[in-house]
Amino acid sequence: MNTLKVGVLLVALTALFIFVGDIIGGRSGAMIAFALALLMNFVSYWFSDKIVLGMYGARPLSPGDAPELHRMVERLSERAGIPTPRLYVVPGDQPNAFATGRSPTHAAVAVTAGLLNLLNADEVEGVLAHEIAHIKHRDTLTMTVVATIAGAVMLLADMARWAMIFGGARSDDREGGNPLVFLFIMIVAPIAAMLIQLAISRAREYEADATGAKLAGNPDGLINALRKLEQASRMIPMQASPSTAHLFIVNPLRGMGGTLMSLFMTHPPIEERVRRLQRMRGSEWYLGS
């Protein structure tokens, strides 16, 4: 199902690029946009994980640097029945984490330095279990490709802005583009980027919470971690891109206050996530029977 979602998103991106290219430059613009969309599709599938890790300055975390963390990841991965993902640390004070990669065999988990400083061992394990659950469910391909697509949609808004400034000329009829159309694209593109992120469904976070609690052996570590991360995200800002906000276990833009970035609320409420985890206590499913 996730593979189908990725296919639909990439086809939609291609169609959107061709549409905007035709508006800006006619047939030649549509051809250039088509070539650009093909390149974007290739990059987003094969290299989007490296792009996201590089965007946040993530560096590999060796077993010698964090032996207990690696043991946690190995133990949780074995329970999940997947290969052990690569482990990265992201510099920054806001406690947060994300998983990326096109498949379980090409996956990585990244945690921020702030997370390692704030959480205790049980809470860190709960967070790691949540991210490994995303990998187990093969959410990471969809999530990472969506991050690239959302960035590409924002690029379309920039294309429309410059076309309006310099006067978009259609090569087939030599008439300038309609400024109102360009303005429409500039306004709609950011909204489209947000909708693309929401299209992957908040349900994946609930599913990853539930599976993560099972992998960890109890929901308490993740419950406590979510509460701490939610509070810290309000107090400690993070220079995160709205196009990648959905990758993180909690919304990294909460600390941006009343800016437009705070509109990208791609996560379900922490209170509801905690309530669902609390209901797992004592259930047969939770006990793993």
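Residues numbered from 1 in each chain as written. Predicted model: local features only at pLDDT ≥ 70, side-chain atom pairs only at ≥ 80, totals over all residues. Heavy atoms only, no water.

### Some words on the overall build of the protein
For the record, the criterion: Helix and strand labels come from DSSP, where a helix needs a run of H or I of at least four residues and a strand needs a run of E of at least two; each type is numbered from the N terminus. Note on exposure labels: buried denotes an accessible area under 20% of the residue type's maximum, exposed denotes more than 50%, and partly exposed covers the range between, all computed with a 1.4 Å probe on protein chains only. A contact between two residues is defined here by any heavy atoms of the two lying within 4.5 Å. Areas reported here follow the Shrake-Rupley algorithm with a probe of radius 1.4 Å; residue values treat only the protein chains shown as occluding.
What the protein contains, in helices and strands, is 10 helices and four strands. Its helices and strands taken in sequence order, the protein reads α-α-β-α-β-β-β-α-α-α-α-α-α-α from the N to the C terminus. Out of the 289 residues in the protein, the part that is buried amounts to 52%. In the protein, the share of contacts with a sequence separation of at least 24, taken over all contacts with a separation of at least 6, comes to 68%. Roughly 13300 Å² of accessible area belongs to the protein as shown, and the carbon and sulfur atoms make up 63% of that amount.

### Section: the sheet that holds strand S2 (residues 86-90)
This is how the line gets drawn: One requirement defines pairing of two strands: DSSP has to find at least two bridges between them. Here the axes come from fitting lines to C-alpha atoms, over the contacting stretch only for helices, and the angles between their N-to-C directions go from 0 to 180 degrees.
Here four strands make up an open sheet; going across it, the order is S1-S2-S4-S3 and the pairing mixed. Edge positions in the open sheet fall to strand S1 (59-60) and strand S3 (97-101), since each of these has one partner strand only. Where S3 meets strand S4 (residues 107-112), five bridges bridge the pair, whose relative direction is antiparallel. Looking at the pairing, Ala 97 lines up with Val 111 of S4. Here helix H2 (residues 48-55) sits on the sheet and contacts S2, S3 and S4; the angle it forms with S3, its principal contact strand, is near 150 degrees.

### A word on the nonpolar core
Note the following rule: Nine residue types can take part in a nonpolar core, namely buried Ala, Val, Leu, Ile, Met, Phe, Trp, Tyr and Cys, and a core is a set of them joined through side-chain atoms within 4.5 Å.
Formed by 37 residues in total, the largest nonpolar core has its most connected members in Leu 69, Leu 115, Val 127, Leu 128 and Ile 249. Every element with two or more residues in this core is listed here: helix H3 (67-80), S2, S3, S4, helix H5 (121-136), helix H8 (203-216), helix H9 (220-235) and helix H10 (270-278). For this core, the element with the highest residue contribution is H5, accounting for six residues. Not counting the four nearest positions on each side in its chain, Leu 69 is found in contact with Leu 61, Leu 87, Val 111, Leu 116, Val 124 and Leu 128. Membership of the second largest hydrophobic core comes to 16 residues, among which are Val 90, Met 238, Ala 240 and Leu 253.

### Points about a nonpolar patch on the surface
Stated precisely, the cut-off is as follows: Every patch collects residues that have over 30% relative accessible area and no salt bridge, joining them within 9 Å if they carry like charges and within 5 Å if they are nonpolar side chains (Val, Leu, Ile, Met, Phe, Trp, Tyr). Only one rule defines a salt bridge in this text: a Lys or Arg side-chain nitrogen within 4 Å of an Asp or Glu carboxyl oxygen.
Taken together, Phe 42, Tyr 45, Trp 46, Phe 47, Ile 51 and Met 55 make up a surface patch of nonpolar side chains, about 560 Å² in accessible area. Those elements giving two or more residues to the nonpolar patch turn out to be helix H1 (2-46) and H2. It is H1 that provides the largest number of residues to the nonpolar patch, a total of three residues. The residue Phe 42 is located in helix H1 in this model.

### Describing the pattern of salt bridges
Overall, the coordinates contain 11 salt bridges when judged by the stated rule. With a closest N to O distance of 3.0 Å, Arg 71 and Glu 68 form a salt bridge. Note that Arg 71 and Glu 68 are positioned in helix H3 at a spacing of three residues, about one turn of the helix. Counted as one network, the salt bridges with shared partners bring together Arg 204, Glu 205, Asp 209 and Arg 273.

### Describing the packing of aromatic side chains
Note the following rule: Under the pairing criterion, centres of Phe, Tyr and Trp rings, with the six-membered ring standing for Trp, must be within 6.5 Å; the plane angle then separates stacked pairs below 30 degrees from edge-to-face pairs above 60, leaving the rest tilted.
This structure, assessed with the given rule, holds three aromatic pairs. Measuring from centroid to centroid gives 5.4 Å for Tyr 56 and Phe 248, while their planes differ by 90 degrees, and the two rings are edge-to-face. Highlighted residues: Tyr 56 in the loop between H2 and S1 and Phe 248 in the loop between H9 and H10, separated in sequence by 192 residues. Per residue, the accessibility class of Tyr 56 equals that of Phe 248, and both read buried. When the ring of Phe 98 is compared with that of Phe 248, the centres are 5.1 Å apart and the planes differ by 70 degrees; the resulting orientation is edge-to-face.

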